[in-house]
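# Close look at the chain arrangement
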Amino acid sequence: MTAEPNKPCQIKRDYQQLINLYPATADTDAHYLSKLSIYQQRVFEAHSQQKLLILGQIGLGNGLELLSWWRTQANPSQRLLLKVFEPNPINAYELKLLWDQSLALVKETPFEPHLESKQASALECKSKLSQLAQTLLDAEPTAIIGCQRLIFDDGRTTIDLHFGDIQTQLSSLSHSPMHPVQHWLILPHLLQALHHQSQWQMAKLSDDSATIATIGLSESSESSESSESSESSESSELSGLSETTVNRFQACGFTVSDINELGTKALGINELGIHQPVTLINHQPDAVLLHERQVLRQQDAKAYAFNPMAAILSSAAQSSIAIIGGGLASAHLALSLAERGQGAQVFCKDAKLGQGASGNRQGAIYPLLTPENDELSRFFQQAFLFSRRRVQALTSTPADNQTPISHDFCGVLQTAHDERSQLRLDKIIQGQPWPSEIAYAVDAEQANAIAKINLDKPGFFYPLGGWVCPFEYAEAAIQKAMQLADVSVSLNTDILALERQSDGWVLLTEKERFGPFAQLVLANGAELTQFDASNKLQISPFRGQVSHVPAQFQLSQLATVLCANGYLTPSHQGLHCLGASYVKEPEHLDFCPQEQQENLMKMHESYPNQSWLADIDMSGNNARVGVRMVTRDHFPMMGSAPDVAKILEDYEQHQLTKESRHYWQTTPAPVHQGLYILGGLGSRGLSSGPLAAECLAAQLCGEPIPLDKETLCKLNPNRMWLRKLLKGKALEAINR
């Protein structure tokens, strides 16, 4: 069960503050909902041939418009990605407070006999909206800056919540040529807050024929400016919006409409009550405006040329994709591709999935935070929440005969184990006003109450964290992927070499050849650097021995994951997991008695003189050894495989000058075409792996990625070399 956040810290804003920050667009009665629904139906109808429809919304409001988009989506062969930009972060607790005290999402209308059928339909609609609202709340959106990707209905509906300054969020995203934003809805309370730069950033992300809708002033509250401007031919058709507002968006190349001005006649309702298509006001952008958009996109591309993205898969036919690896990363990449209708062939050297670093009985899942809340910290918050939702989705809507995922979101309690670690933890706690659903400080008494055993020291509690069984998580992801698309798994298939041919990549075992594959992803954990094309990656193997100890006496009462100098989990199937050792470039993977004792000593150092320490029985020498691949900056590796030989060859001609810096900043870094890396998950793969896989799948399919450009650069496998080259520094010799 999810640990309960401390309520005094959780409730930071009362209801009045919430409705001021997230105002309802209109009087949310059945009439407005009907008008909203018809407008949204028309948007879907206008783009009914697209397999993926990208919509943007500026402002969350009271959430009604977001939920109505979700409810109105009716095309079973079309996926929806809704990107919502909201300047004021909000969490699930506050969303529920907002909705509960708003007297439900849609107000009741007085019963009128002649409108009985319409009112019954409105009640049905309200019921569906309430169900969707609960589903959204169950996904636990949190009040963090950046993008949170929420996936529903096996990938049919995806909602990206972009919290924070709208201009910053818009400008941090890259244009997706294959799948740009087709339509924007701007909620009225943010209409005037969108300055010129934000409008052009919207244009950068949009299709050249994209449209905008908003909700103008009602007739009773129209300004004199609106009345005067109604004389113009275009603004007379948009009498709820000022001419200035319309012109501002048209100056960026958008067609603009006001759904508040769409009356029954405008919506095309005939005498039978059937709505028929009508044409929105059509403002065709001229060539100059379209050129300005293209210039913005080219500037973006040039600024990040050093960070090459994955080649986009062919949309005309299913591209052949191979994934080498049988752990968490490969399984979740297969799942993210399958949600997009894209098949894959997974090659695993073992007899079962999850036998490498993903083979532990229990793994802690919680975000890595830094005092500065830098890109690393923000990435891990997004990734942790995404992975948590994945576990919930695979548990609530499993595939047929799916492996159950053992897990418990019981929270993670981080404490210090010496003076240095206490200073570091204090810096993290005091460094940011962390949302309490992410983490909050507890005193010694509170820590004891959370853990249900005595710790007698303060700490930092992650209430949404907990533990998950990694190999069951991987198995469940693959099983779901196989249900959704043409995904196959070849077990006991040890790929020993790769060959690059003109038509793709060929995979070789001792006796067989597989391929060619148009795209190949290396997600093979500890063997990531075994191939010629990947053996120069700057990543290191670390051995980790996890001890398994019986649950007994006081120890068995532990109710949360402890993280100090090592970690200790609550019991699962009669055993606790205790660990782990951390040995760089190990000589062997055999059981090590010394590491077993070191794991025990870590608990004694972390919680000295506690009586429950005597309950940790290591006499059975029960443990598991694995290898995790670790990068120096703790980011995973995700993206195109760097061609290191070509980088070094180019470096001979471009080094240590101002001109060389410019060369590396504006020239796409050399890569192995069609080869990609997904690895380096370190000891937090449960948190980072699923989102890294989702981002790579989005890249391969040419879809918007739920990460900002700077973070994508930090994930790129070429970053260790490019970081130096971009600063004009010398590269060290590479000997592997």
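Up top is the structure.
Residues numbered from 1 in each chain as written. Predicted model: local features only at pLDDT ≥ 70, side-chain atom pairs only at ≥ 80, totals over all residues. Heavy atoms only, no water.

### A closer look at the overall build of the protein
The cut-off we apply is this: Segments assigned H or I by DSSP are reported as helices when at least four residues long, segments assigned E as strands when at least two residues long, and all are numbered from the N terminus. Buried means the residue's accessible area, taken with a 1.4 Å probe over protein chains only, is under 20% of the maximum for its type, while exposed means over 50%, and partly exposed covers the values in between. Here a residue-residue contact requires only that any non-hydrogen atoms of the pair lie within 4.5 Å.
The helix and strand tally for the protein stands at 22 helices and 28 strands. Within the span of the protein, comprising 736 residues, buried residues form 57% of the whole. For the protein, restricting intrachain contacts to residue pairs at least 6 apart in sequence, the fraction spanning at least 24 positions comes to 78%.

### With respect to the nonpolar core
Soluble globular proteins tend to pack their nonpolar side chains together in the buried interior. For the record, the criterion: Buried residues of nine kinds, namely Ala, Val, Leu, Ile, Met, Phe, Trp, Tyr and Cys, make up a nonpolar core once their side-chain atoms join them within 4.5 Å.
Formed by 75 residues in total, the largest nonpolar core has its most connected members in I323, L333, L337, V521 and L678. If we skip the residues at most four places from it in the chain, I323 touches S330, L333, A334, L337, A344, Q345, V346, F347, V521 and A523. Counting 41 residues, the second-largest nonpolar core is a separate cluster that includes V43, L67, L82 and L150.

### A word on the packing of helix α13 (residues 375-396) against helix α16 (residues 470-484)
For the record, the criterion: Note on geometry: axes are lines fitted to C-alpha atoms, helical ones only across the stretch in contact, with angles between N-to-C directions running from 0 to 180 degrees. The handedness criterion is simple: a crossing whose near helix is rotated anticlockwise from the far helix by less than a right angle is left-handed, and one whose near helix is rotated clockwise is right-handed. The classification used treats Ala, Val, Leu, Ile, Met, Phe, Trp, Tyr, Cys and Pro as nonpolar, Asp, Glu, Lys and Arg as charged, and all other residues, Gly among them, as polar.
It is the contact of α13 with α16, at a shortest axis distance of 11 Å, that shows an interaxial angle of 65°. Note that α13 runs across α16; the crossing there is left-handed. Of the residues in α16, those touching α13 at S387, R390, V391 and L394 are Y473, A476, A477 and K480. Looking at the contact of α13 with α16, its residues break down into 5 nonpolar, 1 polar and 2 charged.

### Quick notes on the sheet that holds strand β20 (residues 519-522)
As a reminder of what qualifies: Strand pairing is defined by DSSP finding a minimum of two bridges between the two strands.
Reading across from one edge, β16-β9-β8-β20-β28-β27 is the order of the 6 strands in this open sheet, with mixed pairing throughout. The open sheet has two free edges, formed respectively by β16 (487-490) and β27 (637-642), since each of these has just one partner strand. Strand-to-strand twist across the sheet, computed as the mean angle between neighbouring axes with direction ignored, equals 25°.

### Regarding the packing of helix α19 (residues 658-666) against helix α22 (residues 719-726)
Let me state the cut-off plainly: The scheme is simple: roughly parallel for angles under 35 degrees, roughly antiparallel for over 145, roughly perpendicular for 65 to 115, oblique for anything else.
The geometry of α19 relative to α22 is characterised by a closest axis approach of 8 Å and an angle of 140° between their N-to-C directions. As the angle between them shows, α19 and α22 are arranged oblique. Between α19 and α22, the contacting residues are R661, W664 and Q665 on the first element and L722, L725 and L726 on the second. Taken together, the residues of the contact of α19 with α22 break down into 4 nonpolar, 1 polar and 1 charged.

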